[in-house]
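# Descriptive analysis of the structure
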Amino acid sequence: MELKMGKTIFALGTGRCGTVFLYKVFSSEPKVASHHERHLLCDAFNRYVKWNNLPIDHAGFLAIKEEGVLNDLSNHQVSFEASAYMSFSVKELSDKFDAKFILLIREPHKVVKSYIQKGWYAKEIIRDDVNKVVNFQPDMKLPHHSFSRIIPTGAEGEKWNSYSQVGKLAWYLSALNRKCREQLKQLPDDNYEIIRLEDLSYEVFKGLEPFFGTSFETSRTDYENLAKSKPNKLNPRITVESWSDREREEFLVEVQDLAKEYNYNLDFDQIIENEKAKKNSVEKVSVFKKIFG
């Protein structure tokens, strides 16, 4: 079966950046076959391979992707998949499917907090030689976890080893976004969009219709209700206020370029003030619900 060129779109990012939200939005679109991380182990392993520049043939990875895309396009106009695990495979996916890409960016401190809560880089990585690629790690809950937690080698690896969990995650956030943007900028401008999650309004969503080559049927009300529900949200337990001076310094060193490029605020006083205001707002709503049902 011949591929329908230009009808395949992938949403990429660091994870914890809105990919689940986009997947759920497009799941309601009858012309779009929407998926989230549908080939988890395959994609995580391929990310590990790409990050470490291992000389592995990508044909198997692409064959798995092709099967899914062909199935989608047999009864939909667009095949859409959102997954951070594919963020290093832009060239391969573009060459194979003439694909388009959406890169989602989110406030750096929110991504880091979310990954702390999920336990990323909480345990020391076991390795004897910082110049070698890190092997499979013990105590990982699922097989794809060892592959998905990218880790640097050499001098950068030495620096990474000295970091706190916050610093390691800030490095991960910047390294992944930087590598993904470098790949996207090798494509024609019409083949990718870079969107801050904070800017992803209903108007921006509707503005993606030409990019997808189809009209969307999701109403403003349904879109905004889904946005308010915050799919894949974790209960907030981590605050920037709890970070030590060392953690804040490491965070700033690693994310300052990304924050500058995408106009994110790195003023800790303002971030903490916003966190407290949000917490107070949530608490007021909770009290209101208890009183009035």
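Numbers given for residues are sequential positions, taken from 1 along each chain in its written order. Owing to the predicted nature of the model, reporting of local features is limited to residues with pLDDT of at least 70; listing and counting of side-chain atom pairs is limited to 80 or more, with chain, interface and lining totals taken over all residues. Excluded from the side-chain calculation are hydrogens and water; included are all heavy atoms of the structure.

### Focus: the pairing of strand 4 (residues 100-105)
- Counting buried positions along strand 4 gives six out of six residues, so the element sits mostly inside the fold.
- As judged from the four bridges shared by strand 1 (residues 8-12) and strand 4, these two strands associate in the parallel manner. Within strand 4, the position partnered with Ala11 by the bridge is Ile102.
- Two strands are said to pair when DSSP picks up at least two bridges between them. The numbering of helices and of strands both runs from the N terminus, where a helix is a DSSP run of H or I of at least 4 residues and a strand a run of E of at least 2. Across five bridges, strand 4 lies against strand 5 (residues 192-196) in parallel orientation. Its bridge partner lying in strand 5, Leu103 is registered against Ile194. Relative accessible area decides the class of each residue, using a 1.4 Å probe on protein chains only: under 20% of the type maximum gives buried, over 50% gives exposed, and in between gives partly exposed.

### Side note on empty space enclosed by the protein
- Lining residues are those with an atom within 4 Å of a point, where the points come from a 1 Å grid over the protein atoms alone and group into cavities, where a 1.4 Å probe fits but cannot get out, or pockets, open sets with protein on both sides within 12 Å along at least five of seven lines. Grid points are joined across faces, edges and corners, and a volume is the space filled by probe spheres set on the points. All told, the structure shown has one cavity of 30 Å³ or more when counted by the stated rule.
- Put simply, the largest cavity is a space of about 90 Å³.
- Forming the boundary of the largest cavity are 13 residues, of which Tyr48, Val134, Ser146, Arg149 and Ile151 lie nearest the centre.
- Tallied by class, residues from the lining of the largest cavity come to eight nonpolar, four polar and one charged. Three categories are distinguished: nonpolar for Ala, Val, Leu, Ile, Met, Phe, Trp, Tyr, Cys and Pro, charged for Asp, Glu, Lys and Arg, and polar for the others, with Gly belonging to the last.

### Some points on the sheet that holds strand 2 (residues 32-36)
- Pairing in this open sheet of five strands is parallel, and the strands run 2-3-1-4-5 from one edge to the other. With partners counted over all chains shown, the strands left at the sheet margins are strand 2 and strand 5, one partner each. Here the average twist between neighbouring strands, direction ignored, is 15°.
- One ladder, built from four bridges, connects strand 1 with strand 3 (residues 78-82); its direction is parallel. Following the sheet pairing, Ile9 is matched in strand 3 by Phe80.
- Note on definitions: a residue-residue contact is assigned when non-hydrogen atoms from the two residues lie within 4.5 Å. Only the contacting stretch of a helix is used when fitting its axis, a line to C-alpha atoms as for every element, and angles between N-to-C directions run 0 to 180 degrees. Relative to strand 2, helix 1 (residues 19-27) is tilted by about 150°, and along the sheet it contacts strand 1, strand 2, strand 3 and strand 4.
- Against the sheet, helix 8 (residues 165-184) touches strand 1, strand 4 and strand 5, its axis set at about 150° to strand 4.

### Comments concerning the packing of aromatic side chains
- Classification of ring pairs rests on two measures: the distance between centres of Phe, Tyr or Trp rings, Trp counted by its six-membered ring, which must be within 6.5 Å, and the angle between planes, read as stacked under 30 degrees, edge-to-face over 60 and tilted in between. Taken as a whole and assessed by the stated rule, the structure comprises 30 aromatic pairs.
- Ring centres of Phe26 and Phe205 lie 5.7 Å apart, and the angle between their planes is 50°; on these two criteria the pair is classed as tilted. Taken as a pair, Phe26 in helix 1 and Phe205 in helix 9 (residues 202-206) lie far apart in primary sequence, 179 residues in all. For the pair shown, Phe26 and Phe205 are each scored as buried.
- Taking 5.1 Å as the distance between ring centres and 25° as the angle between the ring planes, the aromatic pair formed by Phe205 and Tyr223 counts as stacked. Here Tyr223 lies in helix 11 (residues 220-229) and Phe205 lies in helix 9, a separation of 18 residues in the sequence. Accessibility classification places Phe205 together with Tyr223 in one group, the buried group.
- Taken together, the aromatic side chains of Phe21, Phe26, Phe80, Tyr202, Phe205, Phe211, Phe212, Phe216 and Tyr223 make up a single cluster linked through ring pairs.
- Directly above the ring of Phe211 sits Lys100, whose terminal nitrogen or CZ lies 5.1 Å from the centroid. Should the NZ of a Lys or the CZ of an Arg lie within 6 Å of a ring centre and within 35 degrees of the ring normal, that charge is described as sitting over the ring.

### Overview of unusual backbone geometry
- Phi at Lys230 is positive, roughly 50°, even though this residue is not glycine.
- With respect to the element layout, Lys230 can be found in the loop between helix 11 and helix 12 (245-261).
- We classify Lys230 as partly exposed; its relative accessible area is 37%.
- A positive phi angle, near 60°, is found at Asn263, a position not held by glycine.

### A few points about the pattern of salt bridges
- Here a salt bridge means any side-chain nitrogen of Lys or Arg lying within 4 Å of a carboxyl oxygen belonging to Asp or Glu. Per the stated rule, a full pass over the model turns up 19 salt bridges.
- Close ionic contact of Lys50 with Glu92 constitutes a salt bridge, the shortest N to O distance being 2.7 Å. With Lys50 in helix 2 (residues 40-51) and Glu92 in helix 4 (residues 90-97), the pair connects residues that are 42 residues apart, well separated along the chain.
- We classify Glu92 as buried; its relative accessible area is 15%.
- Two residues, Glu241 and Lys276, come together in a salt bridge whose shortest N-O distance is 3.4 Å. With Glu241 in the loop between helix 11 and helix 12 and Lys276 in helix 13 (residues 268-292), this pair connects stretches of sequence that are 35 residues apart.
- Judged by its relative accessible area of 43%, Lys276 is partly exposed.
- Put simply, Arg38, Asp43, Lys65, Asp72 and Glu81 are held in one network by salt bridges that share partners.

Scope: geometric values only; no functional claims are made or implied.
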